[in-house]
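The chain contents come next:
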Amino acid sequence: MNEYAVNLGSYPAYIYDLPGLDAHAAEIRAALPNTELFYAAKANPDAEILRTLAPHVDGIEVSSGGELSHVRATLPDTRMAFGGPGKTTEELALAHHLNVDRIHVESPRELSRLPGPTSVLLRANLPLRTPNAALTMSGPFGMDEPTLNDCARHIAEAPHIELRGIHVHLASGLDAPAMLDLATQIRDWALSWLEAHGVSDPELNIGGGMAVDYAEPDTRFDWQTYGQGLPATPPLRIEPGRALTAYHGWYVTDVLDVKTTHGDTYVILRGGTHHLRTPVTKGHDHPFKALTASGPEERATLVGQLCTPKDVFARDVLVPRLSPGDVIAFTMAGAYAWNISHHDFLMHPKPTFHYLR
Ligand SMILES: *Cc1c(COP(=O)(O)O)cnc(C)c1O
C-alpha cells in the first residue's frame, strides 16, 4: 500500500485494499460459526467493496431506496434487510418489488403501509445497559414495548404480514464483552416477548456497532471471543458496518504548504474533510502515516483546503518535518469516510479512487 500510494503521483486519492478486506471478512466469518453476518451498506456502499464482501456475508442491510437499488444492481442475488426510520411509501414498494427478505419495521404507521406479503422484524428500542458506547441509538429508532404490542395486534389481523422476529441496534463502539452482555440482554427479552406473541422459530437481529478504535488502530474487535460467546440457539444475525470496512481504505494526499502562525505549525494538505469527514464527526485526530518524510518529529496540525477552522484532520500531533510534495496517508478511511462527506463544499476537485487487487 505504501509504495502504491507514493507512486500514484496524483492526489487526493482513495485507495481500497480489496485483498486485505477479503482476508479480514473471511476471518470474521470463520469466527462466527453460529451467526448470520449481514453488512450494513451505509458504512461504505462502494460496489467493489460490496463485491469483495459478498462471498463472506449472508446478506446486506440497507437503509434507503437508494441503497436498495444500488445493492440489488451490484449483487443481484444477495439477501437484503431494509431498516431505518422514515421509510417512504415508494421505498416500501421498491423493497417489495426488489424482493427484500426482511423489513425492519420502525413504527405502527410504517407497518400499516406495508404492501403485499412481507416478512418483518420489529425494531425494538429497549432500555438496556450500554456503558461506554460511542453512540446510543435510542431516540427515534425502534419502538418501546407498549408500541411493539400494538404492532403485534395489528399483525395478527393482517394476513399479508408475517412477524418473524425482533431487530435491535442499540449502540456502537462496544468491545466484545460489552457486546455479548448486550446480546444476552436482548435475547432474554426478545425470546420471551416473541413466545408470548406466538412466533415460532424466532429470528433475532442484534445489530452492528462493533468497536473500532481510531486511537489504537491495532486494537481490533475480538471476533473470536464474540463468536464463541454468542448463543447458538436461536442463531443470531448481526449487521456490522464500520468494523468490517474501516481498516481497508486510505485517503492519500500531498502537502501544499507548511506555515507557523503564532507559534503553531500548520500542514496544509490537498483536499480536506469534505473528502474525509470522519475526524470531524468523530471529534478525533485521524490516524495517518507520513509516507515520504522521516526524521525528528515535531508538533503540527494537519488541515485541508477548506475555508473553515473545522477543516482539521489531526490537531497538534507529532509528525516528521514535512515539506510541500510530501505524501500523507490517512488510514482507517474505509468506513463512514468518503460517503458521509460534504463533497461539493468549495468545489475543489474530487479524489480519484483506486483498488488494490
Ligand atoms: C449504522 C447501523 C449499523 C451498522 O453500525 P456500525 O457501527 O457501522 O457497525 C447496523 N444496523 C443499523 C440499524 C444501523 O443503523
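Residues numbered from 1 in each chain as written. Predicted model: local features only at pLDDT ≥ 70, side-chain atom pairs only at ≥ 80, totals over all residues. Heavy atoms only, no water.

**What to know about the overall build of the chain**
Consideration 1: A tally of helices and strands in the chain yields 11 helices and 18 strands.
Consideration 2: Against the 2.2 N^0.38 benchmark of 21 Å for 357 residues, the chain shows a C-alpha radius of gyration of 22 Å, consistent with a compact globule.
Consideration 3: Across its three principal directions, the C-alpha atoms of the chain cover 70 × 40 × 40 Å.
Consideration 4: Here the chain holds 357 residues, and the buried ones make up 54% of them.
Consideration 5: A separation threshold of at least 6 residues defines the contact pool for the chain, and within that pool the share at least 24 residues apart is 70%.
Consideration 6: Surface summary for the chain: the accessible area is close to 15600 Å², and the carbon and sulfur share equals 51%.
Consideration 7: The centroid of the 28 positive side-chain charges in the chain is displaced by 3 Å from the centroid of its 42 negative side-chain charges. (Helix = DSSP H or I, 4+ residues; strand = E, 2+ residues; numbered from the N terminus. Rg over C-alpha atoms; globule rule 2.2 N^0.38 Å. Buried < 20%, exposed > 50% of the residue type's maximum accessible area, 1.4 Å probe, protein only. Contact = heavy atoms within 4.5 Å. Areas by Shrake-Rupley, 256 points an atom, 1.4 Å probe, with all protein chains shown as cover. Lys, Arg positive; Asp, Glu negative; His and termini not counted. Charge placed at Lys NZ, Arg CZ, Asp CG, Glu CD.)

**A closer look at helix H7 (residues 145-156)**
Consideration 1: The end-to-end C-alpha distance of H7, which contains 12 residues, comes to 17 Å, matching closely the 16 Å that a straight helix rising 1.5 Å per residue would cover.
Consideration 2: Among the residues of H7, Leu-148, Cys-151, Ala-152 and Ile-155 are the ones counted as buried. Buried residues along H7 cover an arc of 100° about the axis, so they all sit on one side. Residues Pro-146 and Arg-153 are exposed on H7 and point more than 90 degrees away from its buried face.
Consideration 3: The inward-facing, buried residues of H7 abut helix H6 (108-112), strand E6 (118-123), strand E8 (161-167) and helix H8 (176-196). (Expected span 1.5 Å × (residues − 1). Arc of directions from axis to C-beta.)

**Let's talk about the domain arrangement of the chain**
Consideration 1: Under the domain assignment used here, the chain contains domain 1 (2-12 + 247-356) and domain 2 (79-240).
Consideration 2: For domain 1 versus domain 2, the separation of C-alpha centres amounts to 36 Å.
Consideration 3: Facing the eight residues of domain 1 at the interface are eight residues of domain 2.
Consideration 4: Of the roughly 650 Å² buried between domain 1 and domain 2, counting both surfaces, carbon and sulfur atoms make up 68%.
Consideration 5: Viewed at the interface, domain 2 and domain 1 are joined by zero salt bridges.
Consideration 6: Applying the counting criterion to the domain 1 and domain 2 interface returns zero residue pairs in polar contact (both at pLDDT 80 or more).
Consideration 7: For the side of domain 1 that touches domain 2, the per-class residue count stands at four nonpolar, three polar and one charged. (Domains from an automatic or database assignment. Buried area = accessible area lost by both parts, 1.4 Å probe. Salt bridge = Lys/Arg side-chain N within 4 Å of Asp/Glu carboxyl O. Polar contact = N/O pair within 3.5 Å; in protein donor to acceptor, adjacent residues only side chain to side chain. Nonpolar A, V, L, I, M, F, W, Y, C, P; charged D, E, K, R; others polar.)

**Things to note about the site of the ligand**
Consideration 1: Near the ligand lie 14 residues; those nearest to it are Lys-42, Gly-209, Glu-239, Arg-242 and Tyr-336.
Consideration 2: A distance of 2.9 Å is found between an oxygen atom of the ligand and a backbone nitrogen or oxygen belonging to Gly-241.
Consideration 3: Residue classes in the shell around the ligand are distributed as three nonpolar, six polar and five charged. (Near = heavy atom within 4 Å.)

**Re the sheet that holds strand E4 (residues 80-82)**
Consideration 1: Taken in spatial order, the eight strands of this closed barrel run E2-E3-E4-E5-E6-E8-E10-E11, and their pairing is parallel. Within the sheet, the average angular offset between the axes of one strand and its neighbour, ignoring direction, is 30°.
Consideration 2: Summarising the sheet, strand E2 (residues 36-40) and strand E3 (residues 59-62) pair through three bridges and their orientation is parallel. In the strand pairing of E3, Ala-40 is matched with Glu-61.
Consideration 3: Relative to E6, H7 is tilted by about 165°, and along the sheet it contacts E6 and E8. (Pairing = 2+ DSSP bridges. Axes fitted to C-alpha atoms, helices over the stretch in contact; angles between N-to-C directions.)

**What to know about the environment of Leu-230**
Consideration 1: Tracing the sequence through the fold places Leu-230 in the loop between helix H9 (223-229) and strand E11 (236-238).
Consideration 2: Taking the C-alpha atoms as reference points, Leu-230 and Thr-253, 23 residues apart in sequence, are found 41 Å from one another.
Consideration 3: Excluding its chain neighbours within four sequence positions, the residues that come into contact with Leu-230 are Leu-32, Thr-35, Leu-180, Ala-183, Ile-206 and Leu-236.

**Section: the pairing of strand E1 (residues 13-17)**
Consideration 1: Across the five residues of E1, five count as buried, placing the element largely inside the fold.
Consideration 2: The two faces of E1 match: Ala-13, Ile-15 and Asp-17 on one face and Tyr-14 and Tyr-16 on the other face are all buried.
Consideration 3: Taken together, the five bridges between E1 and strand E18 (residues 352-356) define a ladder with parallel strand orientation. Bridge pairing in E18 links Tyr-14 to Phe-353.
Consideration 4: As judged from the four bridges shared by E1 and strand E12 (residues 249-261), these two strands associate in the antiparallel manner. Pairing of Tyr-16 across the sheet is with Gly-249, part of E12.

**Some remarks on unusual backbone geometry**
Consideration 1: With an omega of -5°, the peptide bond between Tyr-11 and Pro-12 qualifies as cis.
Consideration 2: Looking at the secondary structure, you find Pro-12 in the loop between helix H1 (2-8) and E1.
Consideration 3: If you check the backbone angles, Asn-99 has positive phi at about 55° while not being a glycine.
Consideration 4: Locating Asn-99 in the fold gives a position in the loop between helix H5 (89-97) and strand E5 (102-105).
Consideration 5: With a phi close to 50°, Met-332 is a non-glycine residue in the positive phi region.

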